[in-house]
Amino acid sequence: MRKAYAVHPDSASLTASMTPERPPRGLRLKLRWLVGASIATLVAVLAGALWLSYDYERNRKQDSLRDTVTTAAAGIRTRLRETEKGLLLLNADLDRDDAAARFERGAIEALKANPAMLRLEQRSASGRLLAALDAAPPRPNLAALRPEALRSEVREAMIEARGSGRIAYSRPYIMPITGIPVIELAVHRPGEIGSALLAVISLQLLLDRFVGPDVLSENALRLTLPGGDPLAAASAPTRGAGVYVASAPLQLGSTRLVLQANSIRRLPSVVPNLLTALLVLLSVALAASAGLLWRDTRRRVWAERQMRAQYAFRKAMEDSLVTGLRARDRDGRITYVNPAFCAMTGFDEHELIGSRPPMPYWDPEAREEYEHRQAELQAGRLSRLGVETVFLRKNGERLPVLVFDAPLIDDSGRHTGWMGSILDLSEQKRAEDMNRRHAEKLQSNARMATLGEMASALSHELNQPLAAITSYATACENLVGRGDPEPVLGALERIRQQCERAGQVIRSVNDFVRRRRIERRTVSVAELLSSLDPLIRLQAKKPDVRVAWRAEGGCDVIGDHTMLELVVLNLTRNAIDSMSDVPPECRSLEIVARRVEGGPRPEVEVSVTDRGRGVSPEDEPHLFNPFFSTKTEGMGIGLSLCRSVIEQHHGQLGHVPRDGGGARFWFRVPAAPIQAGSASAPAHMEP
Ligand code: ADP
């Protein structure tokens, strides 16, 4: 989107118009919500996944414990059932002969088969002990501890067994003195009414012997009553953690016990396994990078907008410039031009972009100059001062311009080319030209006026003696016929006096012209040419004449610096004027100063050579005559004045035609004696 800028007097409003528009507030809020919601969802999903994994792990352990405890209870039950079966068989066996011996054998077997059984008794219906056998150590021997009278729990069990005709378990109880929790299994003997076999079973040993070591090592086990009162406990080396607790019923006839397991395991950690940890890490990294990406994108969009706004602002500024701008890369190829540059040269942007030297706007005659300048730039010899040159417009017009070049440095500090700003000097030149011509005209008019005054003064001054001479001459004519020589002689004397007076007038004019005394000092011609250089170039600028001068070493003369300057300027002015009609490539002026030895005295010769129209053979003899001029506005006193100045310096002024066309004016003046170490150094100035 291109932004238009209007120049506003209020800079604050200009700055404000540079600031790019932000997206509408509603859209920004929505975007923010969307990103916030996405991140929240991600976090929630993560937390949910973590919780599910945690919960699954916990449930799995809980279920496993429940299975374990149920299996353990079933195992105990199975072992007791085997005991029941064995006792039922023994019961049947006792009905045969030799019951006492059979009881003993059977009891030994039963005690062996069930390591939790402490004692096996045979009791009458009244509860009287008929026979008994105790388990061998290390199981506690109850023979001495067992009271004769049956406990109510056991009696009830016997009654129940008799009622069902088979077996029954007593309620569990703690044996006095020993403190052993036990339960008794009563097996009814149908032969003798009311008598029974009673097996005393240790609840503690039930846990210790009938539950597998793997279960015992992982859990604290307890046998309790259904109400929770503990009866026996088997503890793992570590205590139960109380996190995973499960219980299973242990139904022994009508007696119900509960087997409880308390696992030593603790809660699963929040990060239960490596995979979940990685998942969490990955998700956190993902959320962080999404956040960063969002922030980065926002910044990018903002920066892009700002860049676009700045570009539009800069473009508007460039388009409004009157200075031409032109960027070139390091190979000299044009990479950018502004509208002002296109307007100056008359070429379109697409005709200029990508052009390499020679550029379409180069003046073929100044091509060497451009190439030299380009080479200087390439070599890093950049002139801080602008360079005046000429461009050729597309329509062939010449355009004087002032070019400033500056290096183009990119953001990484690399030199990528040059940016040139070009000022159109045509208006300035036109104004300068007009001023110059105006000044020349004024000068010429002033000179003409002075000459006119001088001429009228002269004619006035000469008129009187001439009139007097005429009258005396007429008088002489009249007097000659009378034969008296005396008055004639008097008139002739008057004529002589008037002639002398006229001569006096002429001499006084001559004195006026030559009134200025010549100064005599050592003048270095090299310095003189060097100081005149700007003036000569100014003369040469308009007609586009190239100027070159050189002075050999030792070119010092004795004379008047100002008068010699006047001579050189006169000669260069004439030379430049003479080249106004020749083609531009031929317009060149050369000034050479050299020391000439070998004559009667050493001299310094200064020659001014042009390639102009030259001096015609008819004009040659009159060149140095006062008031001789072939120019419409010429006064013809320049060369005659120069000659008298040079003669005052005891020198000579002359002219020779130049080979190949043009003229060469020269003058020679006596050289100053060379003193050791004081000779002036050679100097030169190329075009
Ligand atoms: P002015 O320049 O006013 O004509 P000058 O005395 O300086 O007076 O020159 C006299 C004439 O000599 C000029 O009009 C011109 O015809 C001729 N002349 C002087 N210098 C040159 C030159 N370099 N080439 C051709 N003609 C010249």
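Above this text is the structure in question.
Residues numbered from 1 in each chain as written. Predicted model: local features only at pLDDT ≥ 70, side-chain atom pairs only at ≥ 80, totals over all residues. Heavy atoms only, no water.

Engineer: Please explain the environment of Ser 644 as it appears in this structure.
Structural biologist: The residue Ser 644 is located in helix α15 (residues 638-648) in this model. We classify Ser 644 as partly exposed; its relative accessible area is 21%. (Helix = DSSP H or I, 4+ residues; strand = E, 2+ residues; numbered from the N terminus. Buried < 20%, exposed > 50% of the residue type's maximum accessible area, 1.4 Å probe, protein only.)

Engineer: Honestly, the environment of Ser 263 in this entry has me stumped. Any pointers?
Structural biologist: If you trace the backbone, Ser 263 turns up in strand β10 (residues 255-263). Take Ser 263: its relative accessible area is 4%, and that puts it in the buried class. The spacing of Ser 263 and Asn 219 is 44 residues in sequence and 4.3 Å in space, taken between C-alpha atoms. What Ser 263 contacts, discounting residues up to four positions off in sequence, is Leu 65, Glu 218, Asn 219, Gly 240, Ala 241, Gly 242 and Tyr 244. (Contact = heavy atoms within 4.5 Å.)

Engineer: It is not clear to me how a positive patch on the surface should be interpreted in this structure. Could you clarify?
Structural biologist: A cluster of like positive charges, contributed by Arg 25, Arg 32, Arg 295, Arg 298 and Arg 299, occupies part of the molecular surface. Looking at the positive patch, the elements that each hand over two or more residues are α2 (25-93) and α7 (274-320). When you line up the elements, Arg 295 lands in helix α7. Assessed through its relative accessible area of 44%, Arg 295 is described here as partly exposed. (Patch = residues over 30% accessible without salt bridge, like charges linked within 9 Å, V, L, I, M, F, W, Y side chains within 5 Å. Areas by Shrake-Rupley, 256 points an atom, 1.4 Å probe, with all protein chains shown as cover. Salt bridge = Lys/Arg side-chain N within 4 Å of Asp/Glu carboxyl O. Lys, Arg positive; Asp, Glu negative; His and termini not counted. Charge placed at Lys NZ, Arg CZ, Asp CG, Glu CD.)

Engineer: Would you mind showing me how to read the side chain of Glu 603 here?
Structural biologist: Note that Glu 603 resides in strand β20 (residues 603-610). Looking at Glu 603, its side chain comes within polar contact range of the side chain of Arg 601, at 3.2 Å. If we ignore the near neighbours within four places in the chain, the residues touching Glu 603 are Arg 594, Arg 595, Val 596, Arg 668, Val 669, Pro 670 and Ala 671. (Polar contact = N/O pair within 3.5 Å; in protein donor to acceptor, adjacent residues only side chain to side chain.)

Engineer: What am I meant to see in the packing of α2 against helix α5 (residues 203-210) here?
Structural biologist: Geometrically, a packed helix pair is captured by the angle between its two axes and the distance between the axes. In the contact formed by α2 and α5, the axes pass within 10 Å of each other and the chain directions differ by 110 degrees. Classified by the angle their axes make, α2 and α5 are roughly perpendicular. Here Ile 76, Arg 79 and Leu 80 of α2 lie close against α5, whose contacting residues are Leu 206, Leu 207 and Phe 210. The class makeup of the residues in the contact of α2 with α5 is 5 nonpolar, no polar and 1 charged. (Axes fitted to C-alpha atoms, helices over the stretch in contact; angles between N-to-C directions. Parallel < 35°, antiparallel > 145°, perpendicular 65-115°, else oblique. Nonpolar A, V, L, I, M, F, W, Y, C, P; charged D, E, K, R; others polar.)

Engineer: It is not clear to me how the sheet that holds strand β17 (residues 546-551) should be interpreted in this structure. Could you clarify?
Structural biologist: The strands that make up a sheet pair up through hydrogen bonds in the backbone, lying either parallel or antiparallel. Spatially, 6 strands are ordered β21-β22-β20-β19-β17-β23 in an open sheet, and the strand pairing comes out mixed. The strands lining the two open edges of the sheet, one partner per strand, are β21 (652-657) and β23 (683-685). For this sheet the average axis-to-axis angle between neighbouring strands, irrespective of direction, equals 15 degrees. As judged from the 6 bridges shared by β17 and strand β19 (residues 588-596), these two strands associate in the parallel manner. Of the residues in β19, the one forming a bridge with Ala 548 is Glu 590. Set on the sheet, helix α13 (residues 525-541) makes contact with β17, β19, β20 and β23; between it and β17 the angle comes to about 175 degrees. (Pairing = 2+ DSSP bridges.)

Engineer: Mind showing me how you'd approach helix α10 (residues 367-378) here?
Structural biologist: In an α-helix, one full turn covers 3.6 residues, which means residues spaced three or four apart are oriented alike. Between the first and last C-alpha of α10 there are 16 Å, a value that for 12 residues agrees with the 16 Å anticipated at 1.5 Å per step. Taken as a whole, α10 has its buried residues at Tyr 370, Arg 373, Gln 374 and Leu 377. The buried residues of α10 all sit within an arc of 100 degrees when viewed along its axis, so they share a single face. Opposite the buried face of α10, at more than 90 degrees from it, the exposed residues are Glu 368 and His 372. The secondary structure elements touched by the buried residues of α10 are β11 (324-329), β13 (387-392), β14 (398-409) and β15 (415-424). Looking one or two places after α10, you find Gly 380, whose phi comes out positive at around 80 degrees. (Expected span 1.5 Å × (residues − 1). Arc of directions from axis to C-beta.)

Engineer: Looking at this model, I keep getting lost on the sheet that holds β11. Mind explaining?
Structural biologist: As summarised here, the arrangement of the 5 strands in space is β12-β11-β15-β14-β13, forming an open sheet in which the pairing is antiparallel. Sheet topology places β12 (334-337) and β13 at the edges, where each strand pairs with a single neighbour. Here the strands of the sheet are splayed against their neighbours by 35 degrees on average, with no regard to which way each runs. Bridging between β11 and β12 involves 3 bridges; their strand directions are antiparallel. Residue pairing in the sheet places Arg 328 in a bridge with Ile 334 of β12.

Engineer: Got a minute to help me understand the site of the ligand in this structure?
Structural biologist: Taken together, 19 residues lie around the ligand, and Asn 574, Ser 629, Thr 630, Lys 631 and Leu 639 are the ones closest in. One of the backbone N or O atoms of Gly 638 is found 3.3 Å from an oxygen atom in the ligand. Between Leu 639 and the ligand, the recorded distance is 2.9 Å, taken from a backbone N or O atom to an oxygen atom. Relative to its unbound accessible surface of 530 Å², the ligand loses 94% to contact with the protein. Those elements that place two or more of their residues in the shell around the ligand are α14 (561-578), α15 and β22 (663-670). Considering each element in turn, the shell around the ligand owes the most residues, 3 residues, to α14. Across the shell around the ligand, the residue classes tally to 9 nonpolar, 8 polar and 2 charged. (Near = heavy atom within 4 Å.)

Engineer: Help me understand unusual backbone geometry in this model?
Structural biologist: If a residue is not glycine, its phi is most likely negative; likewise, a peptide bond is most likely trans. For the peptide bond that leads from Pro 137 to Pro 138, omega is 15 degrees, which places it in the cis range. Mapping Pro 138 onto the fold places it in the loop between β2 (129-134) and α4 (152-164). A cis amide bond, omega 0 degrees, links Pro 357 with the succeeding residue Pro 358. By the secondary structure assignment, Pro 358 is in the loop between α9 (349-352) and α10.

Engineer: I'm lost on the nonpolar core in this one. Help?
Structural biologist: When a protein is soluble and globular, its nonpolar side chains tend to lie buried together. Grouped together as the largest cluster of nonpolar side chains are 62 residues, with contacts concentrated most on Ile 76, Leu 120 and Leu 207. In terms of residues, this core owes the most to one element, α2, which gives 8 residues. When neighbours within four sequence positions are excluded, Leu 120 is seen to be in contact with Leu 87, Leu 90, Phe 103, Ala 107, Ala 110, Ala 131, Ala 132, Leu 133, Leu 198 and Ala 199. Trp 549, Leu 564, Val 582 and Leu 639 belong to the second largest nonpolar core, which has 42 residues in total. (Core = buried A, V, L, I, M, F, W, Y, C linked by side-chain atoms within 4.5 Å.)

Engineer: In this structure, what is going on with the packing of aromatic side chains? I would like to understand it.
Structural biologist: The description of an aromatic ring pair rests on the distance of the ring centres and on the angle between the ring planes. In the structure shown here, the tally under the stated rule is 6 aromatic pairs. Measuring from centroid to centroid gives 5.3 Å for Trp 51 and Tyr 54, while their planes differ by 35 degrees, and the two rings are tilted. Remark: Tyr 54 and Trp 51 occur in helix α2; sequence separation between them is 3 residues, near one turn of the helix. Overall, Tyr 54 belongs to the buried group, its relative accessible area being 14%. It is Arg 298 that lies over the ring of Trp 294; its NZ or CZ is 5.5 Å from the centre. One Lys or Arg, Arg 668, reaches over the ring of Trp 666 and ends 5.8 Å from the middle of that ring. (Phe/Tyr/Trp six-rings, centres within 6.5 Å; stacked < 30°, edge-to-face > 60°. Lys NZ or Arg CZ within 6 Å of the ring centre and 35° of its normal.)

Engineer: What's the story with the environment of Leu 535 in this structure? I'm lost.
Structural biologist: As for its placement among the helices and strands, Leu 535 is situated in helix α13. Note: C-alpha distance between Leu 535 and Leu 569 (34 residues apart in sequence) is 8.3 Å.

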